[in-house]
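# Commentary on secondary and tertiary structure
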Amino acid sequence: MIDFTHDQLALIFAGLTALSILLYAILDGYDLGVGICLPLDNEAWRDTSIASIGPFWDANETWLVLAVGLLLVAFPKAHSAILNALYLPATTLLIALILRGVAFDFRAKVNPEYKMRWDITFKVGSILAAFSQGFMLGIYVMGLEYTVLSSLFAVFSGICVTAAYALIGNTWLVLKTSGQLQRHAIIRCKQAGTLCFSGILAVCLVNPLVNANALAVWTQGPFAYLYAAIPFTCFTMFVLGYMVLKRLPLENDLGAGLPFLMTSLIFITCFIGLALSFYPYAVPNKLTIYQAASAKPSLEIIFYGALVVVPIIAAYTCVAYYAFRGKADELKYY
């Protein structure tokens, strides 16, 4: 049995929590994005869009449950401070996720004349969930403090995160659909990408101004030049992604998966950039991950539980994506 120190265990659980949040943002991000862009004027497109996320969307939310669970048991002080500041937007997020879940099932069970109502509910729930997450991110970047300026920035962040999810959702549709719906998704990718790019640029400018730790990380040695590769990669993906979208669709659907891959890389680089900006703090400029972590015996028990749980979640996620690979089939309910 490996004897980790308290700080090593804290760092391991910080990494697991961060990985869970990142996977949630990418995986549930695309199905939120599909809901955000659900075309209300075309029932066939709506059915195909829903079919493209049907086998995955429920499992994708497992990563959110894992992230919140890890935060609660491994970093209870940080969990208390963060949720105390984000209580209302977190409640809004939960309500929105419930709306999505209910609408997803009810649209298949109601009389045809009521189906549109639940499609609208699914779309509204998706928008509300995405905006809530962006609002929470904005408040976190601003130090978990509510002022007029921080609230305005959080609203802007909410809009841009909604656009980011719309971007990755449409790249998912480019990958999973064909024909007119795929062409429609390509156009929406370009529109959402512009706003998403603006939001990332705004966070890059604001974060060092309100976070002294971020300013030091990105401007001082010895790793500042190495870290510069992160925003460079991010913005390069935007440029290359736009160039790829201009050339799609190609014969035999060649390159249909590239926009989703590039957008996922944008999400990854943005997340790494934020993580580096705030490390070692769990609560910005107030509480480090080492101060917020549970006692060593508690972390050891959780660690061995995580060794079992995390691989199982990863395994069934991989199996689901392998089993339902390829283009989305016609939507059917049994």
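The notes below deal with the structure included here. Please read these numbers as outputs of a predicted model, since none were measured by experiment.

### What to know about the overall build of the protein
Summing up its helical and strand segments, the protein has 15 helices and two strands in all. Here the C-alpha atoms of the protein give a radius of gyration of 20 Å, agreeing with the 20 Å that 2.2 N^0.38 yields for 334 residues. Out of the 334 residues belonging to the protein, those deemed buried represent 47%. Relative to all contacts within the protein whose residues are 6 or more apart in sequence, the contacts with residues 24 or more apart total 80%. For the protein, the accessible area works out to roughly 16,500 Å², and carbon and sulfur atoms hold 71% of it. Measuring between centres, the 19 positive side-chain charges of the protein sit 6 Å from its 18 negative side-chain charges.

### Some remarks on the packing of helix H2 (residues 43-53) against helix H8 (residues 148-176)
Contact geometry of H2 with H8 gives a least axis separation of 10 Å together with a crossing angle of 95°. In terms of orientation, H2 lies roughly perpendicular with respect to H8. Residues Ser49, Ser52 and Ile53 of H2 form the contact with H8, whose own contacting residues are Trp172, Leu173 and Lys176. Classifying every residue of the contact of H2 with H8 gives three nonpolar, two polar and one charged.

### A closer look at the pattern of salt bridges
In this structure the tally under the stated criterion is nine salt bridges. With a closest N to O distance of 3.0 Å, Lys115 and Asp47 form a salt bridge. With a gap of 68 residues between them, Lys115 in helix H7 (residues 115-141) and Asp47 in helix H2 connect regions that are remote in the sequence. On the basis of relative accessible area, Lys115 is assigned to the buried category, the value being 13%. When its relative accessible area of 18% is taken as the criterion, Asp47 is described as buried. Beyond isolated ion pairs, a larger network of salt bridges with shared partners links Glu43, Arg46, Asp47, Arg107, Lys115 and Asp119.

### What about the packing of helix H10 (residues 212-219) against helix H13 (residues 258-278)?
The geometry of H10 relative to H13 is characterised by a closest axis approach of 7 Å and an angle of 110° between their N-to-C directions. Relative to H13, the element H10 is oriented roughly perpendicular. Mapping the contact onto sequence places Asn213, Ala214, Val217 and Trp218 in H10 and Gly273, Leu276, Ser277 and Phe278 in H13. Its residues assigned to classes, the contact of H10 with H13 shows five nonpolar, three polar and no charged.

### Quick look at the environment of Gly169
Along the chain, Gly169 falls in helix H8. A relative accessible area of 0% places Gly169 in the buried class. Ignoring sequence-local partners within four residues, the contact set of Gly169 consists of Tyr30, Gly33 and Val34.

### Regarding the nonpolar core
Phe13, Tyr30, Phe75, Ala78, Leu144 and Tyr165 are the most contacted members of the largest nonpolar core, which totals 88 residues. Take this core: its biggest share by element is 14 residues, from helix H1 (residues 6-36). Discounting chain neighbours no more than four positions away, the residues touching Ala78 are Leu71, Ala282, Val283, Leu287 and Ala292.

### What to know about unusual backbone geometry
Cis geometry is found at the peptide bond from Leu248 to Pro249, where omega equals -5°. Along the polypeptide, Pro249 turns up in the loop between helix H12 (229-247) and H13. Between Tyr279 and the following residue, Pro280, the backbone shows a cis peptide bond with an omega angle of 10°. Along the chain, Pro280 turns up in the loop between H13 and strand E1 (281-283). The phi angle at Asp253 is positive, at roughly 60°, despite the residue not being glycine. Within the secondary structure, Asp253 is located in the loop between H12 and H13.

Cut-offs and rules
- Residues numbered from 1 in each chain as written.
- Predicted model: local features only at pLDDT ≥ 70, side-chain atom pairs only at ≥ 80, totals over all residues.
- Heavy atoms only, no water.
- Helix = DSSP H or I, 4+ residues; strand = E, 2+ residues; numbered from the N terminus.
- Rg over C-alpha atoms; globule rule 2.2 N^0.38 Å.
- Buried < 20%, exposed > 50% of the residue type's maximum accessible area, 1.4 Å probe, protein only.
- Contact = heavy atoms within 4.5 Å.
- Areas by Shrake-Rupley, 256 points an atom, 1.4 Å probe, with all protein chains shown as cover.
- Lys, Arg positive; Asp, Glu negative; His and termini not counted.
- Charge placed at Lys NZ, Arg CZ, Asp CG, Glu CD.
- Axes fitted to C-alpha atoms, helices over the stretch in contact; angles between N-to-C directions.
- Parallel < 35°, antiparallel > 145°, perpendicular 65-115°, else oblique.
- Nonpolar A, V, L, I, M, F, W, Y, C, P; charged D, E, K, R; others polar.
- Salt bridge = Lys/Arg side-chain N within 4 Å of Asp/Glu carboxyl O.
- Core = buried A, V, L, I, M, F, W, Y, C linked by side-chain atoms within 4.5 Å.

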